[in-house]
Amino acid sequence: MESISQDIFQKFGYREIRTPIIEEKSLFVKSIGEETDIVTKEMFSFKDRGEREIVLRPEGTAPIVRAYLEANLHKTDTFQKFYYMGSMFRAERPQAGRMRQFHQIGAEAIGSGLPEIDAEVIKLLTSLLDAMKIKGYKIRINNLGCKEDKTSLSKTLRGVLTKEKNALCDDCRKRLDINPLRVLDCKNESCRSLIRGAFKSVKFLCKKCDEHFNKVLACLDRLGIKYELDPYIVRGLDYYTQTVFEVTHPGLGSQDALGAGGRYDNLISDMGGPQLGAAGFALGVERILIVAAKQGPTVDPHDEKVVYVATMGDAARKKGFELIDLLRSDKWEKKVVFDMDYENKSLKAQMREADKLGAKFVLIIGDDEISKGEAMLRDMMTKEQQGVKFDDVVRTIKGKIE
Ligand SMILES: [Zn+2]
Ligand SMILES: [Zn+2]
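Residues numbered from 1 in each chain as written. Chains lettered and ligands numbered in written order. Predicted model: local features only at pLDDT ≥ 70, side-chain atom pairs only at ≥ 80, totals over all residues.

Novice: Requested: an account of the sheet that holds strand β13 (residues 336–340), with residues and values cited.
Specialist: The sheet built from five strands is open, its strands ordered β13-β12-β14-β15-β16 with mixed pairing. Strands at the two margins of the open sheet, each flanked by one partner only, are β13 and β16 (385–389). Strand-to-strand twist in this sheet, taken as the mean axis angle between neighbours without regard to direction, amounts to 25 degrees. Sheet analysis places strand β12 (residues 305–311) next to β13, joined by five bridges and oriented parallel. Paired with V307 across the strands is F338, a residue of β13. Strands β12, β13, β14 (359–365) and β15 (374–379) of the sheet are contacted by helix α13 (residues 314–329), whose axis makes an angle of about 160 degrees with β12. Its contacts with the sheet put helix α16 (residues 393–401) on β12, β13, β14, β15 and β16, and the angle it makes with β14 is roughly 160 degrees. (Pairing = 2+ DSSP bridges. Helix = DSSP H or I, 4+ residues; strand = E, 2+ residues; numbered from the N terminus. Axes fitted to C-alpha atoms, helices over the stretch in contact; angles between N-to-C directions. Contact = placed C-beta atoms within 7 Å.)

Novice: Help me get a handle on the environment of P231, residues and values and all.
Specialist: Mapping P231 onto the fold places it in the loop between β8 (228–229) and β9 (241–248). On the basis of neighbour counts, which here come to 14 C-beta atoms within 10 Å, the residue P231 falls in the partly exposed class. Put simply, P231 and K123 are 108 residues apart on the chain and 21 Å apart in space, counted from C-alpha to C-alpha. Each residue touching P231, except ones within four places of it in the same chain, is listed here: N142 and F199. (Buried ≥ 20, exposed ≤ 12 C-beta atoms within 10 Å, placed from the backbone.)

Novice: Please give an account of the nonpolar core that cites residues and values.
Specialist: In this structure, A107, V121, L125, A278 and L283 are the most contacted members of the largest nonpolar core, which totals 69 residues. No other element matches helix α6 (residues 115–131), which puts eight residues into this core. Residues within four places of L125 in sequence aside, it is in contact with V247, G259, G261, F281 and L283. Formed by 19 residues, the second largest nonpolar core is a distinct cluster that contains Y308, V309, F338 and M340. (Core = buried A, V, L, I, M, F, W, Y, C linked by C-beta atoms within 7 Å.)

Laid out in structure tokens, this is it:
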């Protein structure tokens, strides 16, 4: 998955960034938001020996923005496209598709407010899933509006929901004071239906945000990306503005998100930088693996060719060890694996091992071969064998593989 992703990211002009596993706790409290599930329940947070409040990173966006600002890129090279792959951590009870240490593959495009960037990150996400041969996923998209729109939506929702306060769960009653939008994230069905009812009649988007979203959708249409509009997507993080999206898969059950993302036009300025537009997404590696396993074989694991060197006796092993180094040192167009036995197994066991590895060719060397100055090259498909002079081994195998 990672090597497939690297090829796609390269094509889209995204370059890799690696941020530290640990960060200051305040980074996430400020960016993701105080009343979010991640911050209140899900972060691994502790004090280090210097009594600093630190956390294992729960997500990739805030650390990347921090790194971007610390490196002063907003002054020298404002527009940046990053991708990342790595471990994230959430202190939850582990369940299928929700590990405490899990992995994400994601991207961030920082420094642009253009609708083409919203569309590009969505296209990037679908290109990754397509390249991984994941079928049947759905893109759901929504417009949260700018900071002002979100505030007016929050106010309206607070007004409506306060009247129904007794029907809300304890968490949502608290959310109502701090951030009513969070009620939409509640897993409690009665809370959800309440807010959905309240939500229907609310008009909160300003003209600019409305226009931006229409342009994003027009870009997606031009790219041939299918999506569903879903007004209930708010995402569990406070930094999102305008376009937000989720990619879901029916093969996942109730935790059905393969990934998600959106625009976050205030995060950079909220973290002390200039007002800059940005958008990104993250895909959950374990979730994709669950879907891939249910779909059956997707990416061919055998796109690499294996050449195995089987030897009998000390002189042959010495020669085989030399030959394998010659083979590995050469330039190969295709992905080729060269390996040999390091357990002093019998020839029969070595041939079984070669079979298990899916070897295309086995180079067999024994005392006879040593005295003749050649190795026996066996084609594992056709079972044909031919003697090859030691000096010709690399050239011969090359001719057969490439
Ligand atoms: Zn707006
Ligand atoms: Zn609730």
